[in-house]
Structure formats: C-alpha cells, structure tokens
Amino acid sequence: MKRQHWLYLYLPQLALDHGMRVQPEWYTQPLAYIDESRQKILQRNAVAKAAGVQVGMAVATARALIPDITMVNYQQQAEQRIRTQLMAWLYRWIDPMYGTNDSDILVDIDSLFSLYHDVPSLVALLKKQCKKAGINVLVGYGYSPLVAKLLAFNGIELTTKDECRAALQDLTIAQTDLPEAVKKRLNGSGIKTLAQFMQLPGAEIGRRFTLEVLRYHRALHGEEALTQAVFQPAQQFDEKVELLAEVQQWQGLLFPLKRLLMQLSEFLYLRQQSSRQVLVNVIYREQTHPAIVVKAARPIWRYQDWLTLLNLQVMEKTLPAPALGIRLRCHQLEALSSESPELVANSQQQGDGLHDVVGRLQARLGDSAVWSPAATDDPRPEIAEYRAQPLAQRFAQLRRKRPLWLLPQAQAIDIEQWQFIQGPERLITGWWDAQSVAREYWQAKDPQHRRAWIYFEQGQWFLQGWFA
Amino acid sequence: MQYSELHSLSNYSFLRAASHPDELVAEADALGYQALAITDECSVAGVVRAYREAKKRAVKLIVGSEFQLPEIGVFVVLCPTRSAYTQLCRYITKARGRAEKGRYDAQFLDFLSEFDDALLLWSPAPELEQAVAVGKRLKSYWQDRMWLLYERHYQDNDIDQVTRLKSLQRNTQVPIVCAGGVLMHRADRQPLQDTLTAIRLNQPISACYAELLTNSERHLRSLTELQRCYPDKWLAETQVIAERCHFCLSELAYQYPAELVPEGISASDYLRQLTYVGVKKRFPNGPSDTVKAKIEKELALIATQSYEYFFLTIYDLVQFAQQRNILYQGRGSAANSVVCYCLEITAVNPDQIDVLFERFISEERDEPPDIDVDFEHERREEVIQYIYQKYGRQRAALAASVITYRFKSAFRDVGKALGFTEQQLQHYLQKIDRRTKAHSWQQQLISDDPTLANDLRGRWLMQLVDEIRGFPRHLSQHVGGFVIAATELSEWVPTENAAMAERTVIQWDKDDLETLGLLKVDVLALGMLTALRKMLELVNQQQSEPLTLATIPQEDSKVYRRLQQADSIGIFQIESRAQMTMLPRLKPATFYDLVIQIAIVRPGPIQGDMVHPYLRRRNGQEAVDYPSDETRQVLQRTLGVPIFQEQVIKLVMVAAGFSGGEADQLRRAMATWRSRGQLEKFYRRLVEGMTARGYSNEYAERIYQQICGFGEYGFPESHSASFANLAYASAWMKTYYPSAFYVGLLNSLPMGFYSASQLIQDAQRHDILFLPADINHSQWDYQWLAPDDAIRMGLRQIAGVSESRLLDALKQRPAAGFRSIDELRKCGLSSHDIDALAAADALFSIAGHRHQARWQTLEQSDDQLALFDGKAPTSSTTEMLMPQASEIEDISEDYASMALSLRRHPLALLREQGLLRGIKTATELPHCRSGQIVTVVGLVTCRQRPGTKSGVTFLTLEDETGNMNVVIWAHTATQFRVPYLTSRLLWVRGVVEIKDNVVHVIAGRIRDETEALRLERVQSRNFH
Amino acid sequence: MQTALQQLVRKGWVWQGRDQQQSPAQEAHCLPSGSARLDQLLGGGWAPGSLIEWQCQTWFSTELRLLTSLLRAVKQQPVFWLNPPARPSALGLASMALADNQHLVIETNDSHQAQWAFEHILQSSRQGLVLGWFAESSAEAVRRWHKSLTQSSALAVVLQPHQPLVEARAFSHRLRLWSDDSGHWFDIVKRRNGWPVSQLAL
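Residues numbered from 1 in each chain as written. Chains lettered and ligands numbered in written order. Predicted model: local features only at pLDDT ≥ 70, side-chain atom pairs only at ≥ 80, totals over all residues. Heavy atoms only, no water.

### Side note on the interface of chain A and chain C
In this complex, chain A contributes 41 residues to the contact, which on the side of chain C involves 44 residues. In total, about 3800 Å² of surface goes out of reach between chain A and chain C, with carbon and sulfur atoms giving 66% of it. Broken down residue by residue, the surface that chain A buries against chain C is led by Trp371, Leu404 and Trp405 of chain A, which jointly contribute 19%. The salt bridge involving Glu107 of chain C is made with Arg387 of chain A; its shortest N-O contact spans 3.1 Å. Between chain A and chain C we count 15 residue pairs in polar contact (both at pLDDT 80 or more) in total. Breaking the side of chain A that touches chain C down by element, the ones donating at least two residues are helix H15 (354-365), strand S13 (370-375), helix H16 (381-384), strand S14 (385-388) and strand S15 (405-412) of chain A. (Contact = heavy atoms within 4.5 Å. Buried area = accessible area lost by both parts, 1.4 Å probe. Salt bridge = Lys/Arg side-chain N within 4 Å of Asp/Glu carboxyl O. Polar contact = N/O pair within 3.5 Å; in protein donor to acceptor, adjacent residues only side chain to side chain. Helix = DSSP H or I, 4+ residues; strand = E, 2+ residues; numbered from the N terminus.)

### Examining the sheet that holds strand S4 (residues 73-78) of chain B
Residue and element names in this part refer to chain B. Spatially, the 7 strands line up as an open sheet ordered S1-S2-S3-S4-S5-S6-S7, and their pairing is mixed. At either end of the open sheet lies a strand with only one pairing partner, and these are strand S1 (4-8) and strand S7 (176-178). Pairwise comparison of adjacent strand axes, ignoring direction, gives a mean angle of 30 degrees for this sheet. One ladder, built from 7 bridges, connects strand S2 (residues 35-41) with strand S3 (residues 60-69); its direction is parallel. Following the sheet pairing, Thr39 is matched in S3 by Gly64. Each of S2, S3 and S4 touches helix H3 (residues 82-97); the most contacted strand, S3, lies at about 30 degrees to it. Relative to the sheet, helix H4 (residues 131-142) contacts S4, strand S5 (119-124) and strand S6 (146-150), its axis offset from that of S5 by approximately 180 degrees. (Pairing = 2+ DSSP bridges. Axes fitted to C-alpha atoms, helices over the stretch in contact; angles between N-to-C directions.)

### Description of the pairing of S13 of chain A
Across the 6 residues that make up S13 of chain A, a large majority, 6, are buried. Strand direction decides the pairing type here: S13 of chain A and strand S4 (residues 102-106) of chain C, joined by 2 bridges, are antiparallel. Bridge pairing in S4 of chain C places Trp371 of chain A opposite Val105 of chain C. Note: S13 of chain A against S14 of chain A, 4 bridges, orientation antiparallel. By the bridge assignment, Ser372 of chain A is partnered in S14 of chain A with Ala388 of chain A. (Buried < 20%, exposed > 50% of the residue type's maximum accessible area, 1.4 Å probe, protein only.)

### Details of the sheet that holds strand S15 (residues 769-771) of chain B
Across a sheet, strands are paired by hydrogen bonds formed along the backbone, either parallel or antiparallel in direction. Residue and element names in this part refer to chain B. Taken in spatial order, the 3 strands line up as S15-S17-S16 in an open sheet, and their pairing is mixed. Two strands bound the open sheet, and with one partner strand each, they are S15 and strand S16 (783-785). Averaged over all pairs of adjacent strands, the angle between strand axes in this sheet comes to 30 degrees, irrespective of strand direction. For S16 and strand S17 (residues 790-792), the ladder comprises 3 bridges, and the chain directions are antiparallel. Within S17, the residue paired with Leu785 across the bridge is Ala790.

### So, the domain arrangement of chain B
Considered domain by domain, chain B is made up of domain 1 (4-189 + 196-251), domain 2 (258-403 + 476-527), domain 3 (406-469), domain 4 (558-725), domain 5 (752-861 + 881-898) and domain 6 (906-1023). Its C-alpha centre places domain 1 of chain B at a distance of 66 Å from the equivalent point of domain 5 of chain B. (Domains from an automatic or database assignment.)

### A look at the pattern of salt bridges
Throughout the structure, instances matching the rule amount to 79 salt bridges over all chains. Between Lys149 of chain A and Asp177 of chain A there is a salt bridge; the shortest N-O distance is 2.9 Å. Of this pair, Lys149 of chain A sits in helix H7 (residues 145-153) while Asp177 of chain A sits in the loop between helix H8 (161-169) and helix H9 (180-188), placing them 28 residues apart in sequence. Judged by its relative accessible area of 15%, Lys149 of chain A is buried. By sharing partners, the salt bridges in this structure join Asp841, Arg850, Asp890, Glu893, Asp894 and Arg903 of chain B into a single network.

Okay, structure coming up:
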C-alpha cells in the first residue's frame, strides 16, 4: 500500500538557533552564518534581521549595514550533527524518521495515526518540542515527501490531501527547489506556475529535460521512492559543541559542558544505562591536548554527578590556548545498578600507567602541584617557559644553548666575583607587548665554580639559570 | 680603521629587508664606510635607486646579489668589473627563468662556471658536513676571487661558527672576511622587519617567533661597534675586496638600436632631414619665424644631448602605425616639442598652446625625454608584436612596475601581523576618509576608537603603517613601457618571466631607466581612438573624399553650441556627470577653452580651489588682475588663475627665479608622495624668491598652497591639449554624423563612462531609430543603415553568444535568411548559443515569439533523451503553444539577456499604470522653481563619490524621459542607509536647485522601490 | 624482626663474598655514573631498583655531573623531579637533547607531603628515574622508600645537604659530594659491595 502521509520539518536556521541556545549572549548581538566561498548570508538572527540584513545578501553589503556584525562560516556537517541530536531528542515521540541531505527532517506518519489520531495534534507536539530546544521549524504535510517539502518551504501548513493538491496549484516555479537553469528555461518558455508544469505530459518533459526533472514531475503527482536510511539512535554517546567565539578560561566552557552532560544523562536514562568513565576533549586552534578522563568509582548517569567530578579535576586549571569547542564521549556502558555513595577511587591499583600516578598525585596534592616543563618559541626565556599539563610536553623547535635549570625570577648579582666564560648573546625583542627586553647574556662561573647563565639589562647584572 | 659593508639587502628583497636602498647608502655614508654593496636576493632591482643616492655621496656603491642554496649556504656575488656585472645579470636571468614568477632556482654547479670575473663570499650552511670538500671545489674555480664569510649577530653559537670557519680556512686556504648581513639601515627598524617577516609568512607575529630576529644587529653598525665585534684582520679584508671593485652603473651608457639610421648618414642629419619633410606637411604655407627658430633650437639641443635615436625609434613606431592605419596619438612631455609635431608623433600644433620645451628636454636634467604614445586599444597588440618582431625578444622587454604598499594594503597587512581580526580592520578602514586633509588618519582612528591611543598594538599600528607605505611588494609588468636595447638586454639588466605568457619584464622600472638615461617607450591603449577610427570608416563609406582625424574642420561653432548645452554623452573626456555640470557654466567656445574644460574638472584644481575664481573671472564677476607683468605673460590664457602644471613651473621660474631644471625637480617632487619632505625644502626657496621680487607674502603662500593642492593631480597642459583634440573630434562626429558616432561607440564597448543602454537612450532622444537584433538581419557589430538613417542592433549585445561560432554561422546565412533552428544548428551554433539568441527574442523571424522559440530550442538540446516508459521518443506532432510574453515580461527578459531594451522604458509602464502619480519626470524638472519641493523616481544608473571633504554622493536617476542628478549629503546617506546602499529603483523627495541651467535635486528622504518591478539586469556603475 | 646479621648486611658492614663481582647480566644494565672510577667502585654503575643518597655541599655543582649522565642513560623513560631547587627548563632539556624523555615535576608545600609523594611514585612507577630533593630524611621514611622499591626497576636518588653525623639509613649507596678550587670530590659513605672510601676526584 503506497504510503501517503508525510510530515516535513523545515529547519531554516538550525545551526544559528543551536549556536545561540548554547551561548545565550548571542541573542542580543547581530550574528550571521555565511557561505564563505560565495560570500552570501545564509542565516541571520533577529537583531541582524531588524537592521536590514536579508538571507542571500552579499557579505559586504551586510557589513556595510552593520559594521560590527559577527560572521561565522557555515559548515554543513556541523549542522547535520546538530540535526542528528534533534532527531535523537524527537525519537521518544516519533519513528520512522529520515534525515534529508539539506539537514531537514522527514517523518513517515502512516503508522503514527494509532498513537496521535490526527495530523494537527502531531504537528503541534513536534512544534512544541522543537520550540523547547530553541529551534525554529516550519512543518509541512503532504501526500509525498516532495509535496510536504514544498509546502513546508513556503510556510503552508495543511492537514488533508485535497488541500495539498489545491495549494500546489498556485505555487510559482520560482517557489520550488528545481535547479536554477531549469527554472530559467521553464520561465523562458512561458511556464511560470507549478500548475502549468504539472499539466505538461511526461513525454514532453522527458524530451527536453534531464531525468531528475522527470522524477521531480512524477513526485509532484505522488510517486516518489525514498533514498535516505531511516534514523537509528546511536549506541555510544559522542557529541561535539562548536563555540561561536573563542573562550579563554574554564568558566566560559562550563555552560556548554553542562548542556552536553545533560544530553548524556538523557541518552543514558533512555537506555536505562550508566557508565564509570567519560572523556572530555577541549578543541583548540592548532595543538591537540589529551582528553581529560573523568572517572567515577561506581557507574553513574546523573549530569550533576558528572559535573561535580569534572569540577574536581578542572577547577583552577588554565586553558593552554583559547578554546573553540568541546567534545564529550562515553563508550563503556553498564546496566543501571543500585548506587553506592563513595565517589573517588581508592588508591590501591595494580601497575597503572603514568596517567593514573599523575591522577592520584594531583588528587592528593592539587592539580597545580604536578606539571611538565614546556616552552613556546618566544625568544624571551622566562616568557617561553610555562608549566604544561602533565605529560603534555611541548618543546620549541629551535635548539639554542640554554641552561638545564631556570630561576623563574632572575636574581640580581654582584658581578665582581664572577668570571666570564662565553658570550655575549644579545637579545633585543618583544617590542609588540609590554614585556620588551634589551639584554646581553653571558655564560659565567660563580665563586663556587658553578656554571651559570647571567645577563645585563639597564645597568644591573642578573642570574637567570645554571648549566649542568 | 677602514670598513666596507659587503652584504646588505634593501627592501627590493621583498618582505625581507626593512630599508629603502637610498636609506642604506645615506646611512653608510654618514657612518664613514668606504663602500657599501647592495646585494638583494637574486636581483639587482634596487641598485639603481642606491646609485641615484650614491652619486650625491662619498661612499662607493658596489653592485652584487645574494643567492640562498638550501644545503650549501649563502653565496654573495660581487661585481668588480663590467664583465662581472654582465655575468651576474645573465645568471640572475637564468635562475629566475627556471622558476615561476617571484622565485628563482640557483644550483651549486652554476657557481663552478658562469662567474669568471666576479667575486664570491660564501657563508657555509650550519648543517653542511663536507664543507671542506665543497670549499675545495669552489676554490679550484674561484681561486683568489673567493672568501669565507663570517657574520656575527651575537647569537648563542657564535663561538662554534668561528672555530668552524677557522678550521675550514686551514683546510682550504680560503681567506675569511666579515660582513653585516644587513637588513635595515638603523636598529629602530627592527619592529618593521619583524612585521615584514610576519607578512611574508602570512601569520600574526605571535605565531612566528621562531623566524623573528632575536636582536637588531643586522643594521649598519658604527665603526667602533664593528671593531668590538670582529678581529681587525677580517675588517681590513673588507677593504681589500672593496678596492678590487670599481664597476659603476654609469658604465651602462646606452647604445641605441643602430638599424634605425640608413648607411652613410649621421643620426642627427637623418633626423633633420625627416623633420623638414614633416615641416612641409604640417605647415603647408611655410612655418612662421618663431616656429622655425624653435625647430632649430630643439634640433641643436637634441644633437648636444645625442638623443637623436630616441626620436628615430618613436618615429619608426609611428610610421608603422600609419601604414597599418592604426590611429595613434603622442602625448606627455613630448607634446611640448615642435620636432615631434613635425615627425607626426604628436598632433598638438605649437601655435595652439605656448610650448615649454624645457619641460621636454633640459640640459640640467640630462635625462632622455619620456614620450607616451596612445594606440587604438583593439590594435595595440599589433604594435607590441611589431616591436618584438623588429628587435627580437632578447632586445625588447617591458619595464617593470614596482607594486608598492598603498595605505589600504599597508593598513590591512600590518593590522593582521599585529593580530587584529579581519573584521576589526574592515571596520576601522570604513571609518577613515583618506581624502580629507583636515586631520591625519591616525587622529580619525583615535576619535573613532579612543582605546587605541593607549593600547600598545594600536600605537604600533599607527606607526608601522606609515613606515611601510612605499615599500615594494612585488614586481609586475608595466602596462606598456618598453625598453629597447642595441645589444642583448640581459647584458645590462636581468629579465624575469612576466605574468603574461612568454612576455619578459626587466628588473628596473621607469624611474630607474630614466636615472641611467636609458630609452623607454610607452605604448598605451585608448578606447576612444578605436571608436573614432570606426566612425571615420563609416563616414568614408558615405562620401567620396576621405575624412581623417587631421582633416576634421576645426573651431566649428555648432559643435561648441552642443557642448555648451552639456549634450556631451559619449564625447571623450567631458562626458562624466561632473563635466556635464561644468559645461554650461564654462561655456567652451574655442579649442583652448576645451583644453581648460578637460583640466579643470580634476581633484587638483578642485582642492586648490581654482575653479570658482576662474569661472567668476570668465563670466566677468571678478576683475582679472595679475600681480606683475611676468605673471601676466604666464597666466594670461587662464585669466590669472594657474590651472596647468606648466603654468606653475613657468610661474616659479618667472616669479621666484627658479632655473628650468630646479622647476622640473619641483614638478617631480609634487608628483611623488614620499618626497613630501623635499616639497618643504622648496617652500622656503619659493617664498624667499617671490618676496625678494616684490610679491606679497600672502600671494606666495597662496601659490605654495596651490602647488600642494596640485600634488599628484596637477594636469599637464600638453596632456590636456592632446585629449582636447580627441574630445573635439568626437563632439564634431556627434554633431554632423550622429548615427556613425553612436555605432562607432557601441562597437568599441566596453569603454568610456556609459553603458550601451544609456548610449542607446541618448541616441533615441536625438531621434535616431533603432532596429532590434535579428538573426536574419543583424551582423555581429551594430550597423548604420545609411539610407533610412537607422541603426540595426548587433548580435554582440546578446550575453552568452560565442563570437567565433556566430561569425561562422552568419557567413553561411542564405540570402533569404535562415528558416529553422535546425539550420542554425547545422551552421555550427551550439545549443547554448541558440538558447541565448532565443532568450533575446532574436529568433523571432524563424521560431515565433520568444517563449515559443525558447521552448522549441529546448527540444533537441539535451542529448541524453529521457527513456520514458520504454517508448522511443516520437517527434512531437502536436506543436505545444506557449503563452505569449506580456510587455513587462518582454522588457525584463530583454534586460536579462542584453542589459537594455528597445521596448518602452520600465518607468513608462509604471507611469501608465498610475503608480507614479505626482512624480516629476526628468524633462519636467528644469521647468520647476529653484527651491521647490519635488519627488522623483528613477533607476539608479551611476553612483559617484568625488573627493570633496563633505562626503557627498552624486546619484544619477534614469527615467523614460532622461537622466536626473540627485545629491545625497553624508547625513542623509547614513539616515537612509539601507535604501542608499541596496536599492536599484529609488524614490527621492527633496529640493530642486537650478543655477545657470544646471539642475540638481538635493535629497531629503529616499525610499527603495525596487519591488515595484522585477528587473534583474539593470546594473548601476559605481565610480568612487 | 630481622636477624642481627640481616641488619648488618643491610647497613653494608657485612657483605657476602660472591656479591663482589656483579654478574655480567646485572652489570650489563647498570646505569653509568659518569665517572669510570666511581663505576668501578659501585660495581659497574648504579643498579636499577636501588635507593641512593647524594649529600651535596651546594646545589648546581658536583651533583650535576652525575645527574647529567643518569638523565642520558634513562632515554625514553619517565623522570620524576620532586621539589627541585630550581625549575628544570624545557629549553635546557631540549638543548641537552633530553627532550624525548617524559619529565614530571612535583612540588609539595611540606616535607610530610613530599615523603608521601616520593613513596607513592616509587610504589607505582615500574621504571625510570625518581629524583627527590629533601632537607633531611628520617630513617623511617627511608625504610618505607626502600620497601616500595622492592619490585620496581626504577632508580631513586635522594639529594640532601651535607649531614653532620652520618646515621644509618636504608640507602643502598650513599655519597658525599663537594668541590673546591682544585676540582670536584666525593666520598662513598656506604656502598653495597665494599668499604667506604673517601676523597676521590670525580
């Protein structure tokens, strides 16, 4: 029996809505997603719309209208990942669902009539849930997926087959999503409305246009085969959130992290499962840092528990670089068992790796007590050296002669008793920030014959480090 | 202690070094160096500028170049003799030729042969293991012309480098010499040097610490610093090397191509002979005594400066153009020479303007004359091929044009290097108005964003942007500047691959060639010459006695009356909106008025506010006075107001006692931005000179302000005169042969100020009939159907049609015309071509109205026919009848395919439908009362924001009756930002202003009406 | 309770004859001390899995000779720095070509935590080099450290200032290091397979 009842959820600005939901401060500032290659506006929020920015407008014109508008490059798979999250959320109420290739959602509602007895109540439910998730949606009903899509695109919300057939008649060719070249040729031949197009005999179209146009023509008459796969909820939890602007410290990450953890507890609760470990990756521009492992002594699922454990670990940590996004993964799932109170794992573990030793030392002594020496390329030694996350060493490319030991604050010394060995190495740089330097470094021996690294700046000699 | 710096790079090693060549030479001289070697990376592009500075200094300039070889190290090649220099030039040409533009490929083996006379300094790469083996092989070839190079910049590994070099010296017996590896002339250029590195790596500074210099040692160090840094023995060695170098760029005296002068006659006699042949032609009834005296004076000066070949080379080019009937016109300083007029190089009759020969050649300057010759833009390539074919690719090449940092590019690149985001920079750039002289761009920036003043990055941005301006970024091709040599070019200047295929460009630009006194010819393109030639051809088809540019009747009052009514659309140089508003106020009546009209509507005179005083004096509202008799003689023809550059030069000579040469240096200083400092120097000299001669201080001050106002825009009278020739010719054509005039223009587009649509509407307003494009009647070009004085549209106007395929098809068109679309396909037209023709309604005669025609063309257009239900596609027996296009659909589809429509103007339809009640048309405006409130509606066809301080914008609105000028003040533009920026059909309510029959509407409120009609292709041309 | 003999052996006052020559296998993977004289006295170098004490007159002097050769010997293995007197520099490690070890610096704010940390590391780290700087170390602490090292093949070094009177500690080797105008010297206060020696040039 041909399936004749479809709902098409048209999500005009899914990426934008989701982005603002995750970082609410963007509701009040002009924001737009742009097509970077064609320099066109794809999605813009209410503030930008009020100032005259239209979809399809050139980026330059939009910037002329709102000089300080923020523009984000639209990424198709990022939006499709958000669409999959939305489908996982709607999965409680409806199935089967299909993800279309321009990141909207198609629902075959033949089987759902037993649950929701008529189309309007189903449409109302879907709209409510999308609104809760902060996502703008237009829902179109139709007797074939294409018809439902066209009606949704043009904001026509109907409930019966005949109403659909009638509404189709007065749509124009311009309002369809036929390719531009085909639209031009049809208009050029005087065919301006969908009704005129549908009345053309299939053979005439077959002779003048490609196969897709013919398939489009048939779909308008109700014959359409689906190519996409039906949606299956994922077995493992792996979600990512891209931030709209770079975040400097952990506080900026906590809000999006909380949302991810809430999604995780949703995911676990639905499946009556729990887990002992999750991995949190902070995404930076260039370097990649190892995942933060959040371990619980017993399997848990509530997001509050995960949040406290995570806070324990990251509290006064500093982000090595501005963060662009966060990823949360949870693989080993266990059945939801009765809970035991003790959270932190006891210490008697057999032969763990370095991570575990570090984890325990930090748990006891505090995070900042354990670190690995690392250095950037900054020519100024005391600025280049920094305390990196344990085992995440990063060494500068250049191999300059440098002492094994470094005194964080150089100590003033009395140069008389010192004996120069080698030098000078002149360092004049750092003009671009408030810590510019103009020094002459020397290798020298102190009265106890120890080999040191000293420098002269603005009339005073300083000890910076010791050679091995 | 004597020292010579043997290894220094100028900013012609693009984005590597932070000082101009002349700055390096000046500093080296000040520090008391014996010699300075400019050794840019695989290039000698900067040595001529260094040479120009070195001529004025004691320090000796050594020419050389540096080559980086990845595993081997750095080779610095110096040129002791002329032959060494030739070997270096040949090698740079070869190394550059082997790599794509902007890069070079230097290999170790090359340095074992090609440099028999040069000197080599070798700094071995740190990671090179078999240094001794490499050293020995080099030693066997270079022998005593080779040194090991030690450069100490107080790094951590200095000691290891010294010990390594000393052991290498022992093993290879090659002596050691020290040098600076200089990248900047003073230490305080280190921030700029770091910024250049960041720009080169396309990274912010914070991301390229590893590549930045760790200190500022790579600058020209004082002798005491050098003594503390290097052992005396190595310092002395620099002097040994410097003394072996005595090659100087002056040795590149220019030899002109010999084949220009026939055997047995000297160059100057041959030139005299040709000149007097010309005199008979140019002065049929004999030259006046003054002209004859001028000719003799010029010929004598040319002989003493031995510039004969220069004139003969240009004469040869001009003769070629005449034979091939290519219209041309000499302009530039050459237009001041009577000899050029006789040799038919220029068309400016010396009697028409008072010629200032010093401007062309002066003893003091001893630089060759610089002649620009414009050719028809469609046939310039023929002239260029003639040059290559006559002199050969080894002897003729394009001069370089050095692309340097302008304000915008400097601001963007420096900003990015300092870590500002793209959006911030874009935002700041919009806030800075480069034209206002009131306060500097830095002050404008701070007033917009006060935090910048105390933000460190902001302060550096404001300093570094000014420091980097004028820095060269890369070499590109001069548009038409050719250099022609007697022997192989690469013997005295390296050549590189140009962007265009098999075109070579030399490493020196126009100024360099001038400094060395080398011959340069400018072969430029001018669209109007193409149009004029086509007009002349059309006219000569209608009349027996052929008309040429030279034989067009001069000083015809009917032509000047047309200009006085500002009916100047399509006329060369005076068709812009600003010119059309000036014509009725200036009312040109003679050729010289035209020369003034062309020069006066330019930023120079506007900013030096000379326009209003001149107009007041011309209309008798202000007395014409001259501060002295000498100034009367100079400013008489412009009623006492200096407008031309020559006048400023003559004024300065006459009123302030400058010599001809000094005056010309002032002109050159006026023209280049960077030498603002030199202009101040002239200020003192000018004011003293004038006050000494009894002129009031206030008058001297005013003249100086006018000179600064001229700055880059001062327009030479000779240029203006050459252009006036063409302006008059095109105005004459428009008066006597309007159809030929419009067809000539339409067949030479794109050029000039107006689109085809605007030209055709102007023609229709001069009641010329246009016939639509039709496959069976039209040609590729527009045609003038003389019998019924109509113009048949050309198929060239249809977008998307291939010229070559259509020309073939038209050749096969049967006398009775094509009968079906299949016939078109058989003649080779593609389905795309046919579709485009149908869309433009050009297939009316064979396939009916455009919808029907388009539907038919689709029929066989898709080769993969749809296999529908297995039935074989039957030919369609029943002909589907497509709906006829409505008028509005026809008009919008005309605009879509041809950007114009011969049908009614879209606004005529709107008016007919009663949508424009109470709206004034263009023709009604002149009859309103000045000061009356009016509303107008029209298509925005032109936006212009000239350089006035107030930031006003001139819009042109077009309706079915004509064009209207709308003025939008800055505050109105910001108040109605969206319609101002984006609308195409604009509704404007404002005050109409009429002054000596020039009509403007000052916009009060504006509204976007584009929705009223769906027109895709009406483009507005934005001129800023 | 250990027998009196075991205590004597532990103190190094009594040793079994056959221990004299380390079996070639044992000697093979001993870590070189950086001085041939000292290697010979230690029976081939530092034996992995042993707890050593270096008493230093001042920091950054003689001990750095020994430390450098140890660092070079434990390539690719983790190195723990507990409360070092100054900051180990990444740039310094890189310029000594020691960048590919995994270095971990631990800073505690009191000696009790330090002793816990040292013990905890020795318990859980199977291999590598564990360096601990201490003002002084009680016998009890040293014994706990020694016990934690039982199954591990890590090398533990405790660096302390000179102790006035040398009381017994459960270290397997104990050295006193100092330097003067004429060079660097060391005493072996205790070693597993021989009598103490004193005043040898490094």
